[in-house]
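Listed here are the chains, written in short residue letters.
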Amino acid sequence: MNLQNKTAIITGISKGIGLSLAVQLLAKGAKVAGWGMHPPEIEHTNLHFIQTDIRSEDAVAHAFQETVAKMGPEIHVLVNNAGLGYFGYFEEMPMEEFREIFEVNVYGIYHTCRHVIPVMKKQAHGHIINISSTAGQEGMAQVAAYCGAKHAVRGISESLYKELRDFGVKVTAVYPGSTKTDFFRHSPNIKPHDNMLMPEDVALQIIHALETPDNFLTTGIEFRPLQPRPR
């Protein structure tokens, strides 16, 4: 895909991978609708921030309508990046935290895709990027709820690519290892450090996947820090 003048929706635009990806897409000449709870600390003519609670079906419907009104009816890229996690023993996790993990990481994908997929099918063109995690490929102690949600993202992504490939629509799941973002704000024991992946490096790999030829499908991308422990 030539990203020049293409329209992309990114959820969770405020920080981290979402923000880094927005910067790189804008540099490629794309138009970006950034959906999030808080505006990113960048300004650009082709960036339109729309305050959105990804957990809310009504809020996402409003964000989609506003995106189309401001940027036109075609949507070429959807990046389901919004996510969060809580840490702790499974039986001790408050129900509110368990529910929020699934509402953001899983239900959010449903809310966005049900609006964007019909557009991409009609265009016979588009690319959906779902940000999972290496936690979506294996179990991890004291991260059971997050692992469960990210495994769901993996299953949804693998099913969707098989549903949509004959319509000319790509679906790619991304599985980053530990990344230096504010994801760990709810962890008492893990703090971001420089041996983690950098969000701009993760974003660059997503750009590469988006720019592949039309008949080239990357179904999944996994990457991890080579030496993850802080020195």
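Note that the structure is a prediction, hence the values are computed from the model and not measured. The residue count restarts for each chain, going from 1 along the sequence in the order it is written. In keeping with the model being predicted, local features are shown solely for residues with a pLDDT of at least 70 and side-chain atom pairs are shown and tallied solely at 80 or more, while totals for entire chains, interfaces and linings include all residues. Side-chain descriptors were evaluated using all non-hydrogen atoms of the structure, hydrogens and water having been removed beforehand.

For the rest of this paragraph, the subject is the pairing of strand β1 (residues 7-11). Think of it in three bands: with a 1.4 Å probe and only protein chains considered, a residue is buried below 20% of the maximum accessible area for its type, exposed above 50%, and partly exposed in between. Strands are runs of DSSP state E lasting at least two residues, helices are runs of H or I lasting at least four, and both sets are numbered from the N terminus onward. Taking burial as the measure, the five residues of β1 include five buried ones, the bulk of the element. Of the two faces of β1, the one carrying T7, I9 and T11 and the one carrying A8 and I10 are both buried. Here, strands pair whenever DSSP counts at least two bridges between them. By the bridge criterion, five bridges tie β1 to strand β2 (residues 31-36) in an arrangement that is parallel. Each residue of the ladder has a partner; that of I10, found in β2, is G34. With its strands directed away from the observer, a crossover is right-handed exactly when the path from the first strand over the helix to the second travels clockwise. With helix α1 (residues 16-27) bridging β1 and its parallel neighbour β2, the resulting β-α-β unit is right-handed. When β1 meets strand β4 (residues 77-80), the two strands line up parallel, connected through three bridges. Residue pairing for β4: A8 is matched across the bridge by V77.

A word on the sheet that holds β1. An order of β3-β2-β1-β4-β5-β6-β7 is seen for the seven strands of this open sheet, with the pairing classed as parallel. Of all strands in the sheet, those bounded by a partner on one side alone are β3 (47-51) and β7 (220-223). Each strand axis lies, on average, 15° off the axis of its neighbour in the sheet, ignoring direction. Strand contacts of α1: β1, β2, β3, β4 and β6 (169-176), with the helix running at about 165° to β1, the strand carrying the most contacts. This element, helix α2 (residues 57-71), spans β1, β2 and β3 of the sheet and lies at about 160° to β2. Axis definition: a line fitted to C-alpha atoms, limited for helices to the stretch in contact. Angles are taken between N-to-C directions and run from 0 to 180 degrees. Whether two residues are in contact is decided by their heavy atoms: any pair within 4.5 Å suffices.

For this analysis, a ring pair means two rings from Phe, Tyr or Trp (six-membered ring only for Trp) whose centres lie within 6.5 Å, classed as stacked if their planes differ by under 30 degrees, edge-to-face if by over 60, and tilted for the remaining angles. By the definition in use, this model includes two aromatic pairs. Where F90 meets F98, the ring centres are 6.0 Å apart and the plane angle is 75°; that geometry is what we call edge-to-face. For F90, a relative accessible area of 51% puts it in the exposed group. On the basis of relative accessible area, F98 is assigned to the partly exposed category, the value being 28%. Ring centres 5.1 Å apart and planes at 35° place the aromatic pair F98 and F102 in the tilted group. With F98 and F102 both in helix α3 (residues 95-123), this residue pair falls four residues apart, about one helical turn. Classification of F102 by relative accessible area gives partly exposed; the value is 21%. An aromatic cluster is present here, built from F90, F98 and F102 joined pairwise through their rings. Stacked on the ring of F167, the Lys or Arg K121 has its end atom at 4.5 Å from the ring centre. Only lysine NZ and arginine CZ atoms are considered, and such an atom sits over a ring when it is within 6 Å of the ring centre and within 35 degrees of the ring normal.

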